[in-house]
Amino acid sequence: MSMDDLALLRRQLEEERAARKKAEDLLEETVRELTLANQLLQRYLDAVPCIVVALDTRACIAMINRAGCALLGQPESALLGQPWFEHCLPQPSGKSVLLPCFLQLVSGEGQAQEALSEYPVVDADGQQRLMAWHTGMLTDAAGVIVGTLSSGEEISERKLAEAAIAESRNLLLKVIDTVPARVFWKDTDLRFLGCNRRFAEDAGMPSPDDLIGKDDYQMVWAEQADHYRADDREVMAAGAPRLFFEEQQTTASGETVWLRTSKIPLINDDNETFGVLGVYEDITECRRIEADNRIHLAELTALNGMLIEAQNQMLRSVKMASVGRLAAGVANEIDKPFAFINSNLEALKGHVADLLSVLEAYEKAEPALAGQVAFLAAIEQAKEKAHLAFMQHDILNLISESLDGVQRAKTAVETLKEFSRVDTAEWQLANLEKGLESTLNIVWNEIKDKAKIKKDYAGIPDIECLAPQLNQVFLNLVINAAQAIDERGVIILRTGFDEHEVWVEVGDTGKGIEPEDMDKIFDPFFTTKATGKGSGLGLSLADNIVRRHGGRLDTRSKPGKGSVFRVTLPRNRLLNKEGF
């Protein structure tokens, strides 16, 4: 080899060495730049708040950012190279369902958005975290798929919130559907946003959803649409509700009904009106009832006075019954004390008579004490101090008067017991004349200043009856007779009987009854007395009691001359068809 060839070879070696050194420096610079770029990319990925993970074509983790490690609760070193669908997803769905989809995706047969959208991962505590995924394909310079890059955002709380909102919305719709009133709401263009089922039924729609987007012109009440919409605009413009006003509506059947409506503006948090809410109820039946009530109002007004009088009569009857029970109780309580007081007074009267006879014997012995001046003086002084002469005359009178008072009180007690007879709950034999006398004793204070009593008793036989009820009849008739007398008159009590019946008459010399009123005197609430003086129930009740006894109550009257009421009763109630 010549020197020239050797020199040429040396130059070539130097050039190759220089070129190699330059290439090595360039490679080192490129590696340094790639390392810096990779570190920068990693910092960028770690700054992303959601999980970012790169998978190779075998579905193993090639890269994962810090958020992904934190979410899964594992360090990067424990995750890199791990099979993603087996290590980080719930099983068996991760391996059996999602992995085949991934392999189909990287083979180029699937689309990322369709194959992978939402699926959960499992953290270090075994808790599933639902994620929403966005997946892109990784390719080399030749466009060959080398893996996938996915970003995932946890949506567990959002899903729970969405479920809670959906549940709350469904509950609200159920509540609105349960409300008996009709409910609807519209937007600012007055198109329906929703309603409850009752409103949809009024509109003739099968479902509330069928109304959404429609307006009143498309409803069965189109002829009232202008009126409804004017109200809606007024409420939204004023920003204030309009409550409980009445209006008409045409139903799906073509009928016109009356509504009681309230409308309220819908206002958001920014104080902006975004629609109107309406609530109404069908008051057609209520208006019909009100119309019927107006028809009956005059009748009720007319009856009101009579009802008040009836109430007063009932109160008086209750009071009388209570007084009767009280009187019977008091009579029973004081009957025995009267008996032993009377007995004691009779015994006392005998004892006092004996003492007075002894005293008289002592007085006859006074002459034998003529020589005992001091002793006689003491006796005279004691006799004067005791008013012995007056006491001897008055003491028996006092006892006699006391016995007479006891007897009179006992008679009054017997009268009260006879009139009240609250212990008589069954049919028993009773004397009507005795009951009539008891009645007179009870009402005597009320009639003594107005009428003189004339009696014409025939000694009628006892009959089986409910004596307290008949006493009430006699009481009503006697009081009516007294009230028929303006100033001073006569009340005539007469009795009689034959082989089948007995009767009791109560007559008066009062003002009598007009002929046109004779057919109405036994009607409930009918009265010829001034307002506040009678209820119109006394004769009606008396007539009912007599009828229950199988008898009859008759009357005859002449205006200005007086009236006579006759109570006729069967002597044997069992033989009378109307008896109990």
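One numbering rule holds for all chains: residues counted from 1, following each sequence as written. Only residues with pLDDT of at least 70 get local features here, since the model is predicted, and only at 80 or more are side-chain atom pairs given and counted; chain-wide, interface and lining totals rely on the full set of residues. Derived side-chain values reflect all non-hydrogen atoms in the structure, with water molecules and hydrogen atoms excluded from consideration.

1. Quick look at unusual backbone geometry
The linkage connecting Gln91 with the following residue, Pro92, adopts the cis geometry, with an omega of 10 degrees. For Pro92, the position within the fold is in the loop between helix H4 (84-87) and helix H5 (93-106). We note that Leu190 has phi near 65 degrees; this positive angle belongs to a residue other than glycine. Summarising the element assignment, Leu190 is placed in the loop between strand S6 (182-186) and strand S7 (192-195). Think of it in three bands: with a 1.4 Å probe and only protein chains considered, a residue is buried below 20% of the maximum accessible area for its type, exposed above 50%, and partly exposed in between. The class of Leu190 is buried, set by a relative accessible area of 1%. Unlike most non-glycine residues, Phe244 shows phi in positive territory, near 55 degrees. Helix and strand labels come from DSSP, where a helix needs a run of H or I of at least four residues and a strand needs a run of E of at least two; each type is numbered from the N terminus.

2. Concerning the pairing of strand S15 (residues 501-508)
Counting buried positions over the eight residues of S15 gives seven, a clear majority of the element. The rule for pairing is simple: two strands pair if DSSP sees at least two bridges between them. Where strand S14 (residues 489-497) lies against S15, seven bridges are found, and the strand directions are antiparallel. Note on S15: the bridge partner recorded for Leu493 is Val506. Hairpin connection from S14 to S15: three residues lie between these consecutive antiparallel strands. Both S15 and strand S17 (residues 562-570) contribute to a ladder of seven bridges, which runs antiparallel. Paired with Glu505 across the two strands is Arg566, which belongs to S17.

3. Some points on helix H9 (residues 225-238)
In an α-helix, one turn spans 3.6 residues, which is why side chains three or four residues apart end up on the same side. Relative to the 20 Å expected for 14 residues at 1.5 Å per residue, H9 spans 20 Å between its end C-alpha atoms, a close match to the ideal helical length. Three or more residues of H9 are buried, namely Ala225, Tyr228, Arg229, Asp231, Asp232, Val235 and Met236. The arc enclosing the buried residues of H9, seen along the axis, measures out at 155 degrees, which places them on a common side. In H9, the exposed positions angled more than 90 degrees off the buried face are occupied by Asp226, Glu234, Ala237 and Ala238. Buried residues along H9 sit in contact with S6, strand S8 (242-250), strand S9 (256-267) and strand S10 (273-282). Backbone geometry just downstream of H9 places Gly239 in the positive-phi region, at approximately 65 degrees. Here the expected length of a helix is defined as 1.5 Å per residue gap, with one fewer gap than residues. What the arc measures is the spread of directions leading from the helix axis to the C-beta atoms. Throughout, a residue-residue contact means that at least one pair of heavy atoms, one from each residue, lies within 4.5 Å.

4. Observations regarding the environment of Phe244
Positionally, Phe244 belongs in strand S8. Between the C-alpha atom of Phe244 and that of Val279, which follows or precedes it by 35 residues, the distance is 9.3 Å. What Phe244 contacts, discounting residues up to four positions off in sequence, is Arg260, Thr261 and Ser262.

5. Re the sheet that holds strand S2 (residues 61-64)
Spatially, the five strands line up as an open sheet ordered S2-S1-S5-S4-S3, and their pairing is antiparallel. Looking at strand neighbours, the two that pair on one side only are S2 and strand S3 (118-122), the edges of this open sheet. On average, each strand axis in the sheet is inclined to that of its neighbour by 35 degrees, with strand direction left out of account. Note that S3 and strand S4 (residues 128-139) share five bridges and pair antiparallel. Bridge pairing in S4 places Tyr119 opposite Met131. Every axis corresponds to a line fitted to the C-alpha atoms, with the helix fit spanning only the stretch in contact, and the corresponding angles, defined between N-to-C directions, vary from 0 to 180 degrees. Seen against the sheet, H5 touches strand S1 (51-56), S3, S4 and strand S5 (145-154) and runs at an angle of roughly 130 degrees to S5.

6. With respect to the packing of helix H14 (residues 467-484) against helix H15 (residues 538-548)
Think of two packed helices as two axes; the pair is described by the angle between the axes and how far apart they sit. One can describe the packing of H14 onto H15 by two numbers: an axis separation of 9 Å at closest approach and a directional angle of 145 degrees. Remark: the crossing between H14 and H15 carries left-handed chirality. On H15, the residues touching Gln469, Leu470, Val473, Asn476, Leu477 and Asn480 of H14 are Gly538, Leu539, Ala542, Ile545 and Val546. Considered class by class, the residues forming the contact of H14 with H15 number seven nonpolar, four polar and no charged. Here a crossing is taken to be left-handed if its near helix is turned anticlockwise relative to the far helix by less than a right angle, and right-handed if that turn runs clockwise. Think of it as three bins: nonpolar holds Ala, Val, Leu, Ile, Met, Phe, Trp, Tyr, Cys and Pro, charged holds Asp, Glu, Lys and Arg, and polar takes everything else, Gly as well.

7. Notes on a nonpolar patch on the surface
Judged by side-chain polarity, Met3, Leu6, Leu9 and Leu13 come together as a nonpolar surface patch covering roughly 370 Å² of accessible area. Relative to the helices and strands, Leu9 resides in helix H1 (residues 3-47). A residue is classified by how much of its surface remains accessible, and Leu9, at 38% relative accessible area, is partly exposed. Residues form patches when they are more than 30% accessible in relative terms and have no salt bridge. Like charges link within 9 Å. Nonpolar side chains (Val, Leu, Ile, Met, Phe, Trp, Tyr) link within 5 Å. Using a 1.4 Å probe, accessible areas were evaluated by the Shrake-Rupley method; residue-level cover was limited to the displayed protein chains. Salt bridge, as used here: a side-chain nitrogen of Lys or Arg that lies within 4 Å of a carboxyl oxygen of Asp or Glu.

8. Observations concerning the sheet that holds S14
Pairing within the open sheet is mixed, and its five strands lie in the order S12-S14-S15-S17-S16. For this open sheet the edge positions go to strand S12 (451-456) and strand S16 (552-558), each flanked by a neighbour on one side alone. Each strand of the sheet is rotated relative to its neighbour by a mean of 15 degrees, with strand direction disregarded. Looking at chain direction, S12 and S14 are connected through six bridges and run parallel. Each residue of the ladder has a partner; that of Lys454, found in S14, is Ile492. With respect to the sheet, helix H13 (residues 432-447) is in contact with S12, S14, S15 and S17, its orientation differing from that of S12 by roughly 170 degrees. On the sheet, H14 packs against S14, S15, S16 and S17 and is oriented at approximately 25 degrees with respect to S15.

9. Thoughts on the pattern of salt bridges
Evaluated as defined, the whole model comprises 26 salt bridges. Taking the shortest distance from any N to any O, the salt bridge between Asp123 and Arg129 comes out at 3.1 Å. Given a relative accessible area of 22%, Arg129 falls into the partly exposed group. A single salt-bridge network, built from bridges that share partners, covers Asp456, Arg494, Glu505, Arg556 and Arg566.

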